[in-house]
Protein chains: 2
Amino acid sequence: MSELALISWIRRRLRPDPRVLVDSGDDAAVVRAPRGALLLKTDTVVEGTHFRRASARQIGHKAMGKPLSDFAAMGCRPCFALAAVGLPTATSMARARGVFLGMEALARRFGVRIVGGDVVVTRGPLFVTVSVAGDSGGRRPILRSGARPGDSIFVTGRLGERKHLRFVPRIREGLALNRSGRVHAMIDVTDGLLRDLGHLCRESGVGAELESAAIPRAPGASLERALSGGEDFELLFAARDPGLRGATRIGRIVRGSGLRLDGRPVAERGYEHRFGR
Amino acid sequence: MSELALISWIRRRLRPDPRVLVDSGDDAAVVRAPRGALLLKTDTVVEGTHFRRASARQIGHKAMGKPLSDFAAMGCRPCFALAAVGLPTATSMARARGVFLGMEALARRFGVRIVGGDVVVTRGPLFVTVSVAGDSGGRRPILRSGARPGDSIFVTGRLGERKHLRFVPRIREGLALNRSGRVHAMIDVTDGLLRDLGHLCRESGVGAELESAAIPRAPGASLERALSGGEDFELLFAARDPGLRGATRIGRIVRGSGLRLDGRPVAERGYEHRFGR
């Protein structure tokens, strides 16, 4: 794999975009500033830590999908991405291109333009860091901290499916929820329902009561997996009813702290391993 | 090393900043959008590839310094940084903190706020990806492509010093050069003077003539090292004379293509290994 040949190939693939004023190739990319506030997020995936047997495209998909899912959880719009890739010395050109293609396909689906990056060689496992810049489209980002007693708790999709290499970030749902004006707090389910609901409740200074029978499970998924499996990348949010379609009501926000499941206290459990989310 | 403890320590160190509306800890950071155009840049350093024997602080310094130097080369102002760190399993907390402290010290020196990041564990060598967002402060970014025949070629500082772990990005000089309104094209010297001048000339559609006696060399540096050593992180620019203090005139831009040294054609040489710069 020649880094120069890969870079040249990537540059040829980048399509003209009216938002991009100076493209990859100068010292930095220059783009039109997003409207209103600027949102920034970075995420890294490492072979052996975040995935094992994965195709190159799946790796690229996951690397791009993680920060995009964070934008969904803010109800905000991702616009531009920077992609840094560490490639083991023996990586074939086909595999290197595959990682880029996986990132690019998902980015394009949501109107995100890759505007720059870095390709480096490593003696270690493959890694990809994707950084995303975006805006709130004139609305306020939905934080984790706005849940209020009396809110209902909703989740999109179904939990426990273990779709960590093929999830679709809920960008459109997040934007629609923001437009609805009814959502008080939101997070994406990456560490497990109980863990992420715990984050949301702590940030909001509230407690939560869940009904196990209401939790939408993927086919074949146990309740335990739906509660703590992680990497669902669905949206979990606290909102006023009613009229929020496409999401399932699974409980309610209460005064106090801690989580209860079917009336009994339940421990937060799942994964927890990141800074800045 | 506990990732959670490290993340908690990092968050406690982040100082309040009026530009930061939602800090690290939610799904994404929310900051005030820069004035005018938005600039974006990412760079990665990997142990064994970009450095070998280096202290933790030096690693952090270098990781932050590389994208900041790109902002200098655009004559633009870096504002916010995202830092993704891959730590080998056996990394001590002291070393992990040291990497962060190296990044933070350099960032703070230039008014850059770290607003988010990611800490992951890797079986491989340590790596750091820093992504930076900034603006042009109401001016136009200085590209590589604006050099014109008749321009003088200047370089800041001295070349050939091999200061790859302790360079200072020429942010202030870059901003001052942009304000001067006299600089037509600029690049930072990272791959070696001849290589980077070659980039600038190709992007501008011009050639260049250098005078070897005029090239400012670090004490003890051979001419060859000054010409092709790389990682000087000085600014190389094409501008109209006179009155540009703090920089040395080393040659001139001419019609045509290719580089000449003391009247003879000279090959571009140095390092070349990145995408997006």
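Before reading on, note that the structure itself is shown above.
These lines cover the structure that appears in this document, whether it is placed above or below. (Residues numbered from 1 in each chain as written. Chains lettered and ligands numbered in written order. Predicted model: local features only at pLDDT ≥ 70, side-chain atom pairs only at ≥ 80, totals over all residues. Heavy atoms only, no water.)

Regarding the interface of chain B and chain A
Link 1 in the chain: Residue-level contacts link 66 residues of chain B with 66 residues of chain A.
Link 2 in the chain: Between chain B and chain A, roughly 5,400 Å² of surface is buried when both sides are summed, and carbon and sulfur atoms account for 63% of that area.
Link 3 in the chain: Where chain B packs against chain A, one counts 4 salt bridges.
Link 4 in the chain: In this structure, Asp26 of chain B engages Arg144 of chain A in a salt bridge whose closest nitrogen and oxygen atoms are separated by 3.8 Å.
Link 5 in the chain: Connecting chain B to chain A are 18 residue pairs in polar contact (both at pLDDT 80 or more).
Link 6 in the chain: Across the side of chain B that touches chain A, the residue classes tally to 35 nonpolar, 16 polar and 15 charged. (Contact = heavy atoms within 4.5 Å. Buried area = accessible area lost by both parts, 1.4 Å probe. Salt bridge = Lys/Arg side-chain N within 4 Å of Asp/Glu carboxyl O. Polar contact = N/O pair within 3.5 Å; in protein donor to acceptor, adjacent residues only side chain to side chain. Nonpolar A, V, L, I, M, F, W, Y, C, P; charged D, E, K, R; others polar.)

Remarks on the environment of Met103 of chain B
Residues and elements named next belong to chain B.
Link 1 in the chain: By secondary structure assignment, the location of Met103 is in helix 3 (residues 93–109).
Link 2 in the chain: On the basis of relative accessible area, Met103 is assigned to the buried category, the value being 1%.
Link 3 in the chain: As a C-alpha pair, Met103 and Ala185 span 82 residues in sequence and 28 Å in three-dimensional space. (Helix = DSSP H or I, 4+ residues; strand = E, 2+ residues; numbered from the N terminus. Buried < 20%, exposed > 50% of the residue type's maximum accessible area, 1.4 Å probe, protein only.)

Focus: the side chain of Thr91 of chain B
Residues and elements named next belong to chain B.
Link 1 in the chain: Relative to the helices and strands, Thr91 resides in the loop between strand 4 (77–88) and helix 3.
Link 2 in the chain: In this structure the side chain of Thr91 is engaged in a polar contact, spanning 2.6 Å, whose partner is the backbone oxygen of Pro88.
Link 3 in the chain: Apart from the residues lying within four places of it in its own chain, the contact partners of Thr91 are Met1 and Ala96.

Regarding the packing of helix 1 (residues 3–13) of chain A against helix 3 (residues 93–109) of chain A
Residues and elements named next belong to chain A.
Link 1 in the chain: Two numbers describe how helix 1 lies on helix 3: the axes approach to 11 Å, and their chain directions differ by 25°. Between helix 1 and helix 3, the crossing angle belongs to the class labelled roughly parallel. Considering how the two elements wind past one another, helix 1 and helix 3 form a crossing that is right-handed. Facing Ala5, Leu6, Trp9, Ile10 and Arg13 of helix 1, the residues of helix 3 in contact are Met93, Ala96, Arg97, Phe100, Leu101, Glu104 and Arg108.
Link 2 in the chain: Partitioning the contact of helix 1 with helix 3 into residue classes produces 8 nonpolar, no polar and 4 charged. (Axes fitted to C-alpha atoms, helices over the stretch in contact; angles between N-to-C directions. Parallel < 35°, antiparallel > 145°, perpendicular 65-115°, else oblique. Left-handed = near helix turned anticlockwise from the far one by under 90°.)

Focus: unusual backbone geometry
Among all residues except glycine, the phi angle is most often negative; among peptide bonds, the trans geometry is most common.
All names here are of chain A.
Link 1 in the chain: Unusually for a residue other than glycine, Glu231 sits at a positive phi of about 55°.
Link 2 in the chain: Within the fold, Glu231 resides in the loop between helix 6 (223–228) and strand 10 (235–239).
Link 3 in the chain: Residue classification places Glu231 among the buried positions, given a relative accessible area of 19%.
Link 4 in the chain: Phi is positive for Asp262, which is not a glycine, with a value near 50°.
Link 5 in the chain: Take Asp262: it is sitting in the loop between strand 12 (259–261) and strand 13 (264–266).

Points about the sheet that holds strand 12 (residues 258–261) of chain B
Residues and elements named next belong to chain B.
Link 1 in the chain: On the basis of which strands lie adjacent, the open sheet formed by 7 strands has the order 8-10-7-11-9-12-13 and mixed pairing. Strands with a single pairing partner mark the edges of an open sheet, and in this sheet they are strand 8 (183–188) and strand 13 (264–266). Sheet twist, expressed as the average angle between the axes of neighbouring strands with direction ignored, equals 30°.
Link 2 in the chain: Pairing analysis gives 3 bridges linking strand 12 to strand 13, with the strands arranged antiparallel. (Pairing = 2+ DSSP bridges.)

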